[in-house]
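Structural description and commentary
Listed here are the chains, written in short residue letters.
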Amino acid sequence: MQLPQLGLVLFTFGNVSAADRNLNVFAIKPSGVPYEDLTPQKMVVVDFDGNIVEGNLRPSSDTLTHAVLYKNFETIGGIAHTHSTYATAWAQSLRDIPIYGTTHADHTTYDIPCAAPMNDEMIQGNYEYETGFQIINALKEKKLSYTDIEMVLVGNHAPFTWGKDASKAVYNSAVLEEIAKMAFITETIKTDALRLKDALIKKHYERKHGKDSYYGQ
Ligand SMILES: [Zn+2]
């Protein structure tokens, strides 16, 4: 329900899920239900193969993408998918988002990867299932693990983010949108803007995440 409040989705766009690793299931938004109408009872509980375990409504049409990610990213507890404007525009441009500044470096030291578009066979096959592998393959190609980076752009489509729980996944969606917006404006002001230099990338990331981090209380 935070997605529309944060301006990350319109109408029934997008979805969030939360996993219970002990029960090997996740709860996901029901398909086509407006966010303001959501209640715990309307959530659909499915297993990591996408089979419905509990609930009366049809789960999000992207459920199989979530299932594939939970199965392969073994420690994550939440996934969010939005069509937020700037992140989606980068996905549509098939471009990684370069690390231009310290806002980006505070959250990850890597460019935000954009997964290559799906081939026709995958599109005509089990599309949502293949979207999960599109994400997994994109990380593999860039030699990243799902713990290195908790956000990805799906080429021609939109972003998926994850985290230790659903709140962190939603937080990452909001951060990604902000990073995407700033990167777009940066390139608008200066078409040949430079990537952030390594010393600053390292400094900012470690200030927040390193073993000697000193950000926050
Ligand atoms: Zn989508």
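See the structure printed just above.
Let us look at the structure shown here.

A pair of packed helices is captured by two measures, namely the crossing angle of their axes and the spacing between those axes. Following both chains from N to C, one finds helix α2 (residues 63-72) and helix α6 (residues 127-141) inclined at 40°, their axes separated by 7 Å at the closest point. Taken together, the axis directions place α2 and α6 in an arrangement best described as oblique. Between α2 and α6 lies a crossing of right-handed hand. Of the residues in α6, those in contact with Leu-64, Thr-65, Val-68, Leu-69 and Asn-72 of α2 are Glu-128, Tyr-129, Thr-131, Gly-132, Phe-133, Ile-135 and Ile-136.

To continue, consider the coordination of the zinc ion. Bound to the zinc ion on the protein side are His-81 (NE2), His-83 (NE2) and His-157 (NE2), at distances that span 2.1 Å. Written as a sequence motif, the donor residues of the zinc ion are H-x1-H-x73-H. Of this pair, His-81 sits in strand β5 (residues 78-81) while His-157 sits in the loop between β7 (151-154) and β8 (159-163); the two residues are 76 residues apart in sequence, bridging distant segments of the chain.

Turning to the sheet that holds strand β6 (residues 114-115), a few remarks are in order. Taken in spatial order, the 8 strands line up as β4-β3-β2-β1-β5-β8-β7-β6 in an open sheet, and their pairing is mixed. Pairing within the sheet leaves two strands with one partner each, and these edge strands are β4 (52-54) and β6. As judged from the 4 bridges shared by β5 and β8, these two strands associate in the antiparallel manner. Residue pairing in the sheet places Ile-79 in a bridge with Trp-162 of β8. Relative to β7, helix α3 (residues 85-93) is tilted by about 55°, and along the sheet it contacts β6, β7 and β8.

On to the side chain of His-66. Along the chain, the position of His-66 falls in helix α2. Relative accessible area serves as the criterion here: at 0%, His-66 is assigned to the buried category. There is a polar contact of 2.8 Å between the side chain of His-66 and the side chain of Ser-17. In this structure His-66 touches Asn-15, Val-16, Ser-17, Phe-26, Ile-28, Ile-79 and Phe-160, once residues within four positions along its chain are discounted.

Following the criterion strictly, the structure yields 9 salt bridges and no others. One salt bridge in this structure joins Asp-49 and Lys-71, with 2.4 Å as the shortest N-O distance. Placement of the pair is Asp-49 in the loop between β3 (44-47) and β4 and Lys-71 in helix α2, with a sequence separation of 22 residues. Judged by relative accessible area, Asp-49 falls into the partly exposed class, the value being 45%. Given a relative accessible area of 44%, Lys-71 falls into the partly exposed group. The partner of Lys-164 in a salt bridge is Asp-165, with the nearest N and O atoms 3.5 Å apart. With relative accessibility at 63%, the residue Lys-164 sits in the exposed group.

Glancing now at a nonpolar patch on the surface. On the surface, a cluster of nonpolar side chains totalling about 350 Å² of accessible area is made up of Leu-10, Phe-11 and Phe-13. As for its position among the elements, Phe-13 is in the loop between α1 (2-5) and β1 (15-20). Among the residues examined, Phe-13 registers a relative accessible area of 36% and is labelled partly exposed.

Okay, the nonpolar core next. Residues Phe-73, Ile-97, Ile-135, Leu-153 and Trp-162 are the most contacted members of the largest nonpolar core, which totals 37 residues. Listed by contribution, the elements that provide at least two residues to this core are β2 (25-28), β3, α2, α3, α6, β7, β8 and α7 (166-189). The element contributing the most residues to this core is α7, with 5 residues.

Right, let's talk about unusual backbone geometry for a bit. A positive phi angle, close to 50°, is found at Phe-11, a residue other than glycine. Tracing the sequence through the fold places Phe-11 in the loop between α1 and β1.

The rules we used
Each residue is numbered by its place in its chain's sequence as written, counting from 1. Totals for whole chains, interfaces and linings use all residues, but because this is a predicted model, local features are given only for residues with pLDDT of at least 70 and pairs of side-chain atoms are given and counted only at 80 or more. Values reported for side chains reflect all heavy atoms of the structure, with hydrogen atoms and water molecules removed beforehand. Whenever a helix is involved, its axis is fitted only over the stretch in contact; in every case the axis is a line through C-alpha atoms, and angles between N-to-C directions fall within 0 to 180 degrees. The helix and strand labels rest on DSSP assignments: H or I over at least four residues marks a helix, E over at least two residues marks a strand, and numbering proceeds from the N terminus. Angle categories: roughly parallel below 35 degrees, roughly antiparallel above 145, roughly perpendicular from 65 to 115, and oblique for all the rest. For a crossing to be left-handed, the near helix must be turned anticlockwise from the far one by less than a right angle; the clockwise case is right-handed. Contacts between residues were defined by any pair of non-hydrogen atoms, one from each residue, lying within 4.5 Å. Here a donor is an N, O or S atom found within 2.8 Å of the metal, or within 3.2 Å if the metal is Na, K or Ca; sites may look incomplete because water is not among the atoms. At least two bridges found by DSSP between two strands is the condition for calling them paired. A 1.4 Å probe rolled over the protein chains alone gives each residue an accessible area, and that area as a share of the maximum for its type sets the label: buried under 20%, exposed over 50%, partly exposed in between. Definition of a polar contact: a pair of N or O atoms within 3.5 Å, with one able to donate and the other able to accept a hydrogen when the atoms are protein atoms, and with sequence-neighbouring residues admitted only if both atoms are side-chain atoms. Put simply, a salt bridge is a Lys or Arg side-chain nitrogen that is within 4 Å of an Asp or Glu carboxyl oxygen. The patches described consist of residues with a relative accessible area above 30% and no salt bridge, like charges being joined within 9 Å and nonpolar side chains (Val, Leu, Ile, Met, Phe, Trp, Tyr) within 5 Å. Here the Shrake-Rupley method, with its probe set to 1.4 Å, supplies the accessible areas, and only the displayed protein chains count as covering residues. Within this scheme, the nonpolar core is defined by two criteria: the residues are buried Ala, Val, Leu, Ile, Met, Phe, Trp, Tyr or Cys, and they are joined through side-chain atoms within 4.5 Å.

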